[in-house]
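Geometric and topological summary
So the chains spell out like this:
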Amino acid sequence: MDITISMERPGGKRPLRVLLVEAERLGLSGLETALSQLDNPTIELEWAGELSSALERLSLGGVDLLLLDLDLPDTQGLATFERAHAFAPEVPTVVLTGLDDEELGLCTVQGGAQDFLVKGKVGPDVLLRSIRYAVERHRLASALRSLSLVDDLTGLYNRRGFLDLGEQHLKLARRSGRAVLLVYVDVDGLKVINDTLGHLAGDRALVQTANVIRDTFRQSDIVGRLGGDEFAVMALEASEDNEDHLSRRLREGVDEVNRRGEEPFQLSISLGTARFAGEGRPRLAELLALADQAMYMEKRAKRAASVRGRMSDEP
């Protein structure tokens with residue numbers, strides 16, 4: 001997976017970054033040839049030969065469009081698109097199909113792809129127009145969708161957005177047998193901050209928590225503020241090994257906020273997790289309830305420890 005051709009937009013603006021996912025690099029050469037025929041090429045191409053390496057690249061961010069062949073060494077057919085789309089729904093996708101796969105291509109458009117192209121029938125003008133239109137359509141659709149799915153204060157998904165996208169992630173995990181980690185985060189003592197320092201301070205505590213969560217997880221993970229002082233994260237294909245690592249990073253992020261000392265309060269969180277191991281058919285509501293219960297147990301243990309501490313300090 002590497003950058004093979006880079007052509008700046010007029011005026012020095014960054015070119016569109018297109019990730020081509022196809023088993024053979026021959027497809028990349030063909031696209032380079034097609035793009036080289038354009039008067040003002042504005043595309044930067046990268047290549048991945050398998051979906052797994054494409055998902056790894058997508059997790060790093062900076063990809064403007066995914067040009068996706070459905071038949072890859074590690075996945076075939078509609079499942080290829082479903083996994084890629086669920087992993088990075090914020091990246092518009094144009095699907096590549098064989099001559100006999102137009103019906104499959106239409107299925108991917110119905111599932112969220114911006115367009116599909118039939119191999120061997122794509123000229124340079126059609127290619128560039130498809131890429132540009134796909135990026136613009138996705139941008140406009142995302143802007144409209146964000147009006148109802150994004151939390152105004154933190155910029156994370158709101159409850160509706162988290163539940164909608166979370167259900168898509170969970171559906172994909174059930175079909176593909178992949179693991180999902182759900183993390184439930186609660187801001188400790190938010191009411192005290194609001195009552196003693198004012199609601200503006202409470203809002204800053206929520207924003208600081210959102211920033212810590214956002215920095216801890218991948219761009220492909222679904223992160224939302226469910227309301228009030230509660231946040232949730234759904235991480236697809238998360239391994240058991242990184243569950244403790246993610247929890248530790250969350251707490252370290254909170255500690256770093258407190259070390260900076262920029263706020264008149266000490267930020268504190270309680271968290272709980274629930275895991276779907278790829279078997280069975282749990283609902284998102286069930287995973288949320290399990291993670292919420294685990295979070296509440298941690299919060300209750302903190303309160304009990306605080307009471308014991310105060311009692312031990314009494315003469």
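The shown structure was predicted, so the numbers you read here are calculated from the model rather than taken from an experiment.

**Thoughts on the pairing of strand S3 (residues 43-48)**
Where burial is concerned, most of S3 is hidden: six out of the six residues are buried. With burial as the criterion, each face of S3 is covered, one bearing Ile43, Leu45 and Trp47 and the other bearing Glu44, Glu46 and Ala48. In terms of strand pairing, strand S2 (residues 16-21) meets S3 through six bridges, oriented parallel. Bridge pairing links Val18 to Leu45 in S3.

**With respect to the sheet that holds strand S7 (residues 180-187)**
One open sheet holds the four strands; their spatial order is S8-S9-S7-S10, and the pairing between them is antiparallel. Both edges of this open sheet fall to strand S8 (222-227) and strand S10 (269-276), since each of them pairs with a single strand only. Between one strand axis and the next, the sheet turns by 20 degrees as a mean value, whatever way the strands run. Summarising the sheet, S7 and S10 pair through eight bridges and their orientation is antiparallel. Within S10, the residue paired with Val187 across the bridge is Ile269.

**Focus on helix H2 (residues 51-59)**
Every buried residue belonging to H2 is among Leu51, Ser53, Ala54, Leu55, Arg57 and Leu58, and all of these are buried. Looking at the buried positions of H2, the neighbouring elements they touch are S2, S3, strand S4 (65-69) and helix H3 (78-87). Gly61, located one to two residues past H2, shows a positive phi value of around 80 degrees.

**Thoughts on the pattern of salt bridges**
As enumerated under the stated definition, the model contains 16 salt bridges in all. Asp195 is the salt-bridge partner of Lys191, the closest N and O atoms lying 2.7 Å from each other. With a gap of four residues between them, Lys191 and Asp195 both fall in helix H7 (residues 190-197), about one helical turn apart. There is no split in this pair, since Lys191 and Asp195 are both exposed. For Glu263, the salt bridge identified is with Arg204, shortest N-O distance 2.8 Å. Of this pair, Glu263 sits in the loop between helix H9 (241-260) and S10 while Arg204 is found in helix H8 (residues 199-216), placing the two residues 59 residues apart along the sequence. Since its relative accessible area comes to 18%, Glu263 is described here as buried.

**Some points on the side chain of Asp69**
Secondary-structure assignment places Asp69 in strand S4. You can call Asp69 buried: its relative accessible area is 5%. A polar side-chain atom of Asp69 sits 3.2 Å from the main-chain amide nitrogen of Asp71. Setting aside its immediate chain neighbours within four residues, Asp69 contacts Val21, Glu22, Thr80, Leu96 and Lys119.

**Some details on the side chain of Arg225**
Residue placement: Arg225 occurs in strand S8. Looking at Arg225, its side chain comes within polar contact range of the main-chain oxygen of Gly228, at 3.1 Å. Ignoring sequence-local partners within four residues, the contact set of Arg225 consists of Asp151, Leu153, Thr154, Leu156, Tyr157, Asn158, Arg159, Leu206, Glu230 and Phe231.

Procedures and definitions
Residues numbered from 1 in each chain as written. Predicted model: local features only at pLDDT ≥ 70, side-chain atom pairs only at ≥ 80, totals over all residues. Heavy atoms only, no water. Buried < 20%, exposed > 50% of the residue type's maximum accessible area, 1.4 Å probe, protein only. Helix = DSSP H or I, 4+ residues; strand = E, 2+ residues; numbered from the N terminus. Pairing = 2+ DSSP bridges. Axes fitted to C-alpha atoms, helices over the stretch in contact; angles between N-to-C directions. Contact = heavy atoms within 4.5 Å. Salt bridge = Lys/Arg side-chain N within 4 Å of Asp/Glu carboxyl O. Polar contact = N/O pair within 3.5 Å; in protein donor to acceptor, adjacent residues only side chain to side chain.

Any functional reading would require information that these geometric values do not contain.
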